[in-house]
Structures are given as structure tokens and as C-alpha cells.
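So you can see what is in the structure, the chains are spelled out below.
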Amino acid sequence: MSTQERRRQVLRAIVADYIASQEPVGSKALLERHQLNVSSATIRNDMAVLESEGLIAQTHASSGRIPTQKGYRQFVDTLHEVKPLSAAEKRAIVGFLEEGVDLEDVLRRSVQLLAQLTKQAAIIQMPTLEASRVKHCEVVALTPARLLLVLITDTGRVDQRNVELHAVIEPDDVPRLRDLLNRALVGKTMAAASESLGALLTDAPVDIRHHVLPAATTLLETLVEQPSERLMMAGTSNLTRAAGQFPSGLPALIEALEEQVVVLKLLGNVPDYGNVSVVIGEENTEAELRSASVVTTSYGGSQTPLGGMGVVGPTYMDYPGTISKVSAVSTYVSRILAGE
């Protein structure tokens, strides 16, 4: 084994021990817990080199060291394998997710499962409308001058909007309006559907055009202006176990997570389906997250990812285990949504 490889092994051992205990790790403990097959003097020398490279740090006068954010990054970048899930864990994941009654329930279960499995705060994004095609638009008369529009996509997303009409709509005109809207929308992507709605405003029969105008305008606002703002979160209480890890304060971190814009930015740059991204500490662009680590991936399939999911936790999180669990939940969710 080369000196460089041995030092990488020492760093991995320090990271593993610190993740397990959150206590500074000394050379004696490393020799006792890991088969390093070298003298304590060699370990102390390796630790001195790792410290000079900024990969570990000494927090006080004791001989113990803790990993730095740079050290965690090197540890993650040199991970050759992640912890495989046990057969029992896999069965539990599939069983729990398969009990979901619809897409929203499956995703709600997914975010709860991620939080439970990783002991971190979990977030998931509802399918983005850009990745969807319109499956159906239902039109329901709530009153003679008010309609309920229900837009359903092939990804299972459902958006509802009330429409105030400029005049009373005759009962026979409700199905006519529904048919007109569905001919313009069904099977189209959101961008194409928006174009069709625009054309419908001028092409609709004259006697019903005054009803088409408010309905189409409302649908355009749904399709174009609010494409993907729905998020789910679970497990923020898990972060209280690591409250001292966050210099800016745990309330500031939780408040940042509860701000839709911050989380949408996190999930707006998720990797392609099948890959997992790890952002550590200062690598985060949001100031409130710079003492946390974020592990994210996408779900839904390689051709049309539907959204992002992931977890947020302290920088001393169990990276191999967390990466494995985030990846596994994404895989099983994607299979269930695909009907496999």
C-alpha cells in the first residue's frame, strides 16, 4: 500500500468514527478500531499531514481530530461503493410505497420514508408540469356563473381552479366547453397546450366564446405561471439532534427549508435519474445551508425525470448510507409510478 493510499484509509477511518460518535478521533482509537497495520507513530504522522492539507482539524488541545468540510468532500469523492440495503429494508420500502393510493400519496410516503431511513430532513418535489402531458380537463358547474376546472396530467398531478364567468352558462354548454378544452389540451405538453389555448380564444364558436375566454385564461395561468411550486417535507425535527452543528442556528436552517424558493433551488439542479449529488457545507449557494450537507437525486425515469428528492442534514451524516437510501427510494418510487 502506498503512503498516499494509507493516508486516504486513515482519513476514511477518521470520518467513519466521527460520523458514528461525533467525538474527536485520536491515533490510539484508530489503531484499536481499524486494521491499519502500522505503528502509532506512523498514524500520528499521517494525521499531521492530513491536518496540514486541511482535511482534518484539531478542535482543542487533545490529540483527537475531526474531519473538515474539505475532508468530507474527499471522502465522498473517493467512495467506491455505498452501503447496500438489506433485503428487509428493501421489502419495507416497497411494501410501504405500494400502499400509496395515488401519486400524491406515494410521494408523501416517500418523503416520510426518506426522513425515517436517513434520520435527516427530507424533501420531495411534486412532478413538474413541464415534464407532463395533459390527460384530461374536467369542467364542473358550481353555480350558474362559476366553474371548477380540474386539470389532470399523465404524471398524476391534479390542479384545480375556480373560474368566475362573465355571464350565466347554460347546462348544455358545460359539456360543450369541456369538449372544446379537451380537444385543445389532451395529449399535449404544457408548452403545446398553452399554444392551443391561445388559438382557442379566437377559434371557439361565437355563442360560447365569452365562456371560453375566462376558462382558457385561468388554464393559461395554471400552465404557464405556476409550473412546479408544490413541495413536500418531512423530518425537520430530526435536525434537532445536530442543533450544535449549525452556527447560524437551527431555527434559521429550518426557516430556510420552509421557504419554497430555497428548496426549489436545491431541487432545481438535481442530477439525472440514477445519479446522486452531494453538496457539502460551504459548497451550498444558500447562506443558511452552508453548515449542512444536501444529498439529492431525481425520480421518474431517465427520459422524463418528474422531479427531485433528497435530504438535508449535518456535514457528519452517514454519506454511504444516505446516498444508498436516497438512491433506493428514488428507484422504487420511479418503478411504482411507471406501473412496474
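Residues numbered from 1 in each chain as written. Predicted model: local features only at pLDDT ≥ 70, side-chain atom pairs only at ≥ 80, totals over all residues. Heavy atoms only, no water.

## Focus on the overall build of the protein
Right, on to step 1. What the protein contains, in helices and strands, is 12 helices and 10 strands.
Right, on to step 2. Radius of gyration (C-alpha) of the protein: 26 Å, far over the 20 Å computed for a compact globule of 340 residues.
Right, on to step 3. For the protein, the spread of C-alpha atoms along the three principal axes comes to 90 × 40 × 30 Å.
Right, on to step 4. Sequence-distant contacts in the protein: of pairs separated by 6 or more residues, those separated by 24 or more amount to 61%.
Right, on to step 5. About 16,000 Å² of surface is accessible on the protein, with carbon and sulfur atoms providing 50% of the total.
Right, on to step 6. Where the 32 positive side-chain charges of the protein centre and where its 40 negative ones centre are 8 Å apart. (Helix = DSSP H or I, 4+ residues; strand = E, 2+ residues; numbered from the N terminus. Rg over C-alpha atoms; globule rule 2.2 N^0.38 Å. Contact = heavy atoms within 4.5 Å. Areas by Shrake-Rupley, 256 points an atom, 1.4 Å probe, with all protein chains shown as cover. Lys, Arg positive; Asp, Glu negative; His and termini not counted. Charge placed at Lys NZ, Arg CZ, Asp CG, Glu CD.)

## Structural notes on the sheet that holds strand 9 (residues 292–299)
Right, on to step 1. Reading across from one edge, 7-3-10-9-8 is the order of the 5 strands in this open sheet, with antiparallel pairing throughout. In this open sheet, the two strands that pair with only one neighbour each are strand 7 (231–234) and strand 8 (277–280). Strand-to-strand, the axes of this sheet are offset by a mean angle of 15°, without reference to chain direction.
Right, on to step 2. In this structure, strand 3 (residues 121–125) lies alongside strand 7, joined through 4 bridges in antiparallel fashion. Its bridge partner lying in strand 7, Gln125 is registered against Leu231. (Pairing = 2+ DSSP bridges. Axes fitted to C-alpha atoms, helices over the stretch in contact; angles between N-to-C directions.)

## Some words on the sheet that holds strand 4 (residues 134–143)
Right, on to step 1. On the basis of which strands lie adjacent, the open sheet formed by 3 strands has the order 4-5-6 and antiparallel pairing. For this open sheet the edge positions go to strand 4 and strand 6 (158–164), each flanked by a neighbour on one side alone. Each strand of the sheet is rotated relative to its neighbour by a mean of 20°, with strand direction disregarded.
Right, on to step 2. Relative to strand 5 (residues 146–153), strand 4 is paired through 8 bridges, and the arrangement is antiparallel. Within strand 5, the residue paired with His136 across the bridge is Ile152.
Right, on to step 3. Running at roughly 155° to strand 4, helix 7 (residues 173–185) makes contact with strand 4 and strand 5 of the sheet.

## Some words on the UniProt feature "domain: HTH deoR-type" (unreviewed entry) in the protein
Right, on to step 1. With numbering matched to this structure, UniProt assigns "domain: HTH deoR-type" (unreviewed entry) to residues 18–60.
Right, on to step 2. With 56% helix and 5% strand, residues 18–60 has end C-alpha atoms that lie 15 Å from one another. (UniProt positions renumbered as here; feature names shortened; annotations may be inferred.)

## Digging into the environment of Lys325
Right, on to step 1. Its place among the elements puts Lys325 in helix 12 (residues 319–337).
Right, on to step 2. The buried category is assigned to Lys325, whose relative accessible area is 16%.
Right, on to step 3. With 305 residues separating them in the primary sequence, Lys325 and Ala20 have C-alpha atoms 17 Å apart.
Right, on to step 4. When residues no more than four places from it in sequence are discounted, the contact partners of Lys325 are Leu85, Glu89, Leu114, Leu117 and Thr118. (Buried < 20%, exposed > 50% of the residue type's maximum accessible area, 1.4 Å probe, protein only.)

## Description of helix 8 (residues 190–203)
Right, on to step 1. Along its 14 residues, helix 8 runs 20 Å from first to last C-alpha, staying within 8% of the 20 Å computed at 1.5 Å per residue.
Right, on to step 2. Every buried residue of helix 8 is listed here: Met190, Ala193, Ser194, Ser196, Leu197 and Leu200. Taken down its axis, helix 8 places every buried residue within 165° of arc, on the same side. Helix 8 presents Ala191, Glu195, Thr202 and Asp203 as exposed residues on the side facing more than 90 degrees away from its buried surface. (Expected span 1.5 Å × (residues − 1). Arc of directions from axis to C-beta.)

## Quick notes on the nonpolar core
Right, on to step 1. If you look at the biggest cluster of nonpolar residues, it comprises 69 residues, and the most contacted ones within it are Leu30, Ile93 and Tyr319.
Right, on to step 2. Element by element, the count of residues in this core is highest for helix 6 (residues 103–118), at 8 residues.
Right, on to step 3. Other than its neighbours up to four places away in sequence, Leu30 contacts Val10, Ala13, Ile14, Asp17, Val25, Leu36, Ile43 and Met47.
Right, on to step 4. Within the second largest apolar cluster, 25 residues are counted, among which are Leu177, Ala184, Ala215 and Ala216. (Core = buried A, V, L, I, M, F, W, Y, C linked by side-chain atoms within 4.5 Å.)

## Things to note about the packing of helix 6 against helix 12
Right, on to step 1. Interaxial distance between helix 6 and helix 12 falls to 10 Å at its minimum, and their mutual angle equals 165°. In terms of their interaxial angle, helix 6 and helix 12 are classed as roughly antiparallel. For the element pair helix 6 and helix 12, the recorded crossing hand is right-handed. From helix 6, Leu103, Val106, Leu107, Ser110, Leu113, Leu114, Leu117 and Thr118 reach across to helix 12, where they touch Thr322, Lys325, Val326, Val329, Val333, Ile336 and Leu337.
Right, on to step 2. For the contact of helix 6 with helix 12, a count of residues per class yields 11 nonpolar, 3 polar and 1 charged. (Parallel < 35°, antiparallel > 145°, perpendicular 65-115°, else oblique. Left-handed = near helix turned anticlockwise from the far one by under 90°. Nonpolar A, V, L, I, M, F, W, Y, C, P; charged D, E, K, R; others polar.)

## A closer look at the packing of aromatic side chains
Right, on to step 1. For the structure shown, the criterion picks out 2 aromatic pairs.
Right, on to step 2. Taking 6.0 Å as the distance between ring centres and 90° as the angle between the ring planes, the aromatic pair formed by Tyr18 and Tyr316 counts as edge-to-face. Here Tyr18, found in helix 1 (residues 3–21), pairs with Tyr316, found in the loop between strand 10 (307–314) and helix 12; they are 298 residues apart in sequence, far enough to count as distant. Judged on exposure class, the residue Tyr18 and its partner Tyr316 are both buried.
Right, on to step 3. Ring centres of Tyr72 and Tyr319 lie 5.7 Å apart, and the angle between their planes is 50°; on these two criteria the pair is classed as tilted. You can see Tyr72 sitting in helix 4 (residues 69–77) and its partner Tyr319 sitting in helix 12, a full 247 residues away along the chain.
Right, on to step 4. Relative accessible area serves as the criterion here: at 0%, Tyr319 is assigned to the buried category.
Right, on to step 5. A cation over an aromatic ring shows up here: Arg109 above the ring of Phe96, its NZ or CZ 4.8 Å from the ring centre. (Phe/Tyr/Trp six-rings, centres within 6.5 Å; stacked < 30°, edge-to-face > 60°. Lys NZ or Arg CZ within 6 Å of the ring centre and 35° of its normal.)

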